[in-house]
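Per-entry structural report
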Amino acid sequence: MNPQYPLVFATLLMRLGVGISVTQILVSFFVEAPVAWSLSLFSIGSLISGVLLSATHLGRPVRFMNSFSNLSSLLSWEAILTPPLLIFMSFLSAGYYFNYPQILILIGKIGTLAFGVSLIYVTAKVYHLKARPAWGTSLIVYEFFISALCMGILGYLGIPQLMGVPVSPGGLFLIVLAMIGLVAEFVVGLYYRRYLRIVSATAFEALREKAASLQFYLWIILGLGVPFVLSGVALIIREIPAFLSVASFLSFFVGALFWRIIFFKVATPLKITPTIDMAHDQRIVFP
Amino acid sequence: MNKRSVMVADLERGAGKVAKKKYGMVIDLEKCTGCRGCSVSCKNEHEIPPGVNFCWVYQEGPVGTYPKVSMYYLPRACMQCSEPICVKVCPTKASYINEDGIVLIDEDLCFGCQYCIWACPYEARFFHPGKKIVQKCNSCIHLVAMGKEPNCVVNCQGKARFFGDLNDPESQVSRMLDQNTDRVFRVKEELKVDPQVYYLLAKKVKIK
């Protein structure tokens with residue numbers, strides 16, 4: 001399948017927005033420090049950009065409101081979950097800015113966590129289609145969650161540097177968490193490659209095609225290797241210089257972009273024609 | 001009475017009936033010559049733009065070495081599944097099954113997300129570049145409602161395609177399935193979508 005670029009960027013931006021919000025909330029449970037409300041505004045912007053980009057993928061975007069109609073469709077659930085998530089994120093951001101009472105902030109946090117995690121899960125499951133052998137695995141769900149975690153942490157550390165706002169707390173602990181996430185992503189990536197080799201010859205062929213192969217290695221280098229090494233350096237020197245956090249985040253984002261492109265390229269259709277087995281009296285064999 | 005007249009008589013008889021119908025197709029691979037007349041007639045009937053098709057013919061093979069060589073054609077259109085994945089995943093409910101078991105698209109509801117195209121295991125759907133919505137074979141419902149056959153059936157050069165009510169045990173399609181149980185197969189049955197297009201294998205070929 002040709003990469004659907006609006007969806008490539010949309011899912012990345014949605015994961016970035018949710019990832020940053022979730023990281024910010026989890027850190028706030030452990031570290032008593034003022035929360036950068038501008039960062040939570042950024043995550044809202046990121047999520048809205050993702051939604052708008054996914055709407056540009058539609059043939060008739062003006063009929064967008066029709067997407068809430070079918071409760072048995074995960075795509076409808078993606079549309080249903082997004083507005084309350086945005087409401088909770090906005091409420092939380094306003095709470096940080098206007099110093100809402102703790103109980104209201106807690107409601108905002110719980111709502112954001114619940115809807116954020118649900119949205120990532122539903123978005124991953126949207127791709128779980130029997131008609132595309134490359135997508136017929138729960139590895140996709142793991143990959144979505146792990147990449148959202150890594151992107152959230154690296155974005156949480158890197159984006160304030162880009163925005164020129166105070167650096168958020170919880171640095172070195174989060175760096176360790178991000179490194180574990182990067183290793184997990186690498187393992188899932190290798191398993192996914194193995195899965196493709198087993199389930200679909202055409203999907204694996206698409207992965208081994210020259211451009212896709214290059215993108216796969218770029219994902220390993222930029223999406224995993226560079227952020228891992230830079231995070232390791234930060235851990236060794238026990239501080240996170242601006243350059244390191246910004247470079248880690250940008251490198252991971254570009255790498256994840258390549259991964260998403262590959263993700264569409266390997267989604268070849270199911271082979272439906274039975275093959276002829278000449279060795280066994282011309283019997284046909286169902287794929 | 002030849003086979004075609006029987007089929008037309010079936011449809012005419014069915015058009016007036018109130019009983020629930022389940023339209024389906026039987027394609028005899030023994031008779032398919034791979035001429036692609038079905039694709040051309042379908043394009044004419046539905047004014048389908050270049051590069052896409054409701055109805056297409058796959059070619060498997062040739063395999064083997066002379067003189068032991070084998071090949072077959074597999075015409076495909078929408079399988080009109082009874083449990084269609086495309087209907088389940090459509091977020092707008094634009095895809096639906098009508099009372100006669102034909103899977104249709106409400107063009108006023110579809111917003112062209114193309115999710116059904118990804119989800120259909122038979123590649124039966126396409127994105128119409130002009131209308132910006134998804135389209136698919138509708139078994140020529142406008143003709144069937146008048147008691148006529150779909151255009152691909154009428155124009156099949158090898159007379160390999162048969163269309164009718166699978167709920168009617170007297171219909172030609174039902175009788176063909178009863179009489180050829182050793183040759184009948186459906187594509188990708190394990191997906192449990194209950195496709196309503198049945199194929200009859202070429203006589204010298206057997207299912208492994």
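Bear in mind the structure is a predicted one, so any value in this text is a computation, not a measurement. (Residues numbered from 1 in each chain as written. Chains lettered and ligands numbered in written order. Predicted model: local features only at pLDDT ≥ 70, side-chain atom pairs only at ≥ 80, totals over all residues. Heavy atoms only, no water.)

Time to look at empty space enclosed by the protein. Empty pockets left among the atoms are what a rolling probe the size of a water molecule brings to light. Residues and elements named next belong to chain B. Going through the model one piece at a time under the given rule, you end up with eleven cavities of 30 Å³ or more. Here the largest cavity is characterised by a volume of approximately 110 Å³. Residue lining of the largest cavity: 15 residues in total, with C81, P84, C86, C120 and Y122 positioned closest to the centre. Across the lining of the largest cavity, the residue classes tally to twelve nonpolar, one polar and two charged. (1 Å grid on protein atoms, 1.4 Å probe; cavity = no way out; pocket = protein on both sides within 12 Å on 5 of 7 lines; lining within 4 Å. Points joined across faces, edges and corners; volume = space filled by probe spheres on them. Nonpolar A, V, L, I, M, F, W, Y, C, P; charged D, E, K, R; others polar.)

A separate point is the confidence of the model for chain A. On average, residues of chain A carry a pLDDT of 88, and 93% of them reach 70 or more. Of all helices and strands in chain A, the one with the weakest mean pLDDT is strand 2 (residues 283-285) of chain A (65), whereas helix 4 (residues 102-126) of chain A scores best (94). (pLDDT = per-residue confidence, 0-100. Helix = DSSP H or I, 4+ residues; strand = E, 2+ residues; numbered from the N terminus.)

Once that is clear, we can look at the pairing of strand 8 (residues 161-165) of chain B. Side-chain positions along a regular strand alternate between the two faces of the sheet. Residues and elements named next belong to chain B. With five of its five residues buried, strand 8 lies for the most part within the structure. For strand 1 (residues 23-28) and strand 8, the ladder comprises five bridges, and the chain directions are antiparallel. Bridge pairing links M25 to F163 in strand 8. (Buried < 20%, exposed > 50% of the residue type's maximum accessible area, 1.4 Å probe, protein only. Pairing = 2+ DSSP bridges.)

A word on the interface of chain B and chain A. Put simply, an interface is often sized by how much accessible area is lost when its parts join up. Each side of the interface is counted separately: chain B has 49 residues, and chain A has 45 residues. Summing both partners gives a buried area of about 4000 Å² for chain B against chain A, and 62% of it is carried by carbon and sulfur. Applying the counting rule to chain B against chain A returns one salt bridge. When the shortest N-O distance is used, the salt bridge between A:K271 and B:E60 registers 3.1 Å. For the side of chain B that touches chain A, the elements supplying multiple residues, two or more each, are strand 2 (56-65), strand 3 (68-76), helix 3 (85-89) and helix 4 (115-119) of chain B. The greatest single-element share of the side of chain B that touches chain A, amounting to six residues, is contributed by strand 3 of chain B. Of the residues contributing to the side of chain B that touches chain A, the split by class is 29 nonpolar, five polar and 15 charged. (Contact = heavy atoms within 4.5 Å. Buried area = accessible area lost by both parts, 1.4 Å probe. Salt bridge = Lys/Arg side-chain N within 4 Å of Asp/Glu carboxyl O.)

Moving on: the pattern of salt bridges. Residues and elements named next belong to chain B. With the rule as written, the count across this model stands at seven salt bridges over all chains. Where E107 meets K131, a salt bridge forms, and the shortest distance between an N and an O atom there is 3.7 Å. A residue pair is termed long-range when its members are at least 10 positions apart, and E107 in the loop between strand 5 (103-105) and helix 4 and K131 in the loop between strand 6 (125-128) and strand 7 (133-136) qualify at 24 residues. The exposure class assigned to E107 is partly exposed, which follows from its relative accessible area of 33%.

The next point concerns the nonpolar core. Grouped together as the largest cluster of nonpolar side chains are 129 residues, with contacts concentrated most on A:Y127, A:W135, A:Y192, A:L196, B:W118 and B:Y199. If one sorts the elements of this core by residue count, helix 5 (residues 139-163) of chain A sits on top with 13 residues. The residues contacting B:W118, other than those within four sequence positions of it, are A:M1, A:Q4, A:L7, A:Y127, A:L129, A:A131, A:R132, A:W135 and A:F264. Core analysis: the second largest hydrophobic core is formed by eleven residues, B:C90, B:V103, B:C110 and B:I117 among them. (Core = buried A, V, L, I, M, F, W, Y, C linked by side-chain atoms within 4.5 Å.)

Here the focus is the packing of helix 6 (residues 171-199) of chain A against helix 7 (residues 201-208) of chain A. Residue and element names in this part refer to chain A. For the pair helix 6 and helix 7, interaxial distance at closest approach is 6 Å and the crossing angle is 135°. By the angle between their axes, helix 6 is oblique relative to helix 7. Seen along the crossing, helix 6 lies across helix 7 with a hand that is left-handed. Contacts between helix 6 and helix 7 involve R193, L196, R197 and V199 from the former and A201, A203, F204 and L207 from the latter. (Axes fitted to C-alpha atoms, helices over the stretch in contact; angles between N-to-C directions. Parallel < 35°, antiparallel > 145°, perpendicular 65-115°, else oblique. Left-handed = near helix turned anticlockwise from the far one by under 90°.)

All names here are of chain B. Taken in spatial order, the four strands of this open sheet run 8-1-10-9, and their pairing is mixed. Among the strands making up the open sheet, the edge pair consists of strand 8 and strand 9 (184-185). Pairing geometry for strand 1 and strand 10 (residues 197-200), over four bridges, is parallel. By the bridge assignment for strand 10, D28 is matched with L200.

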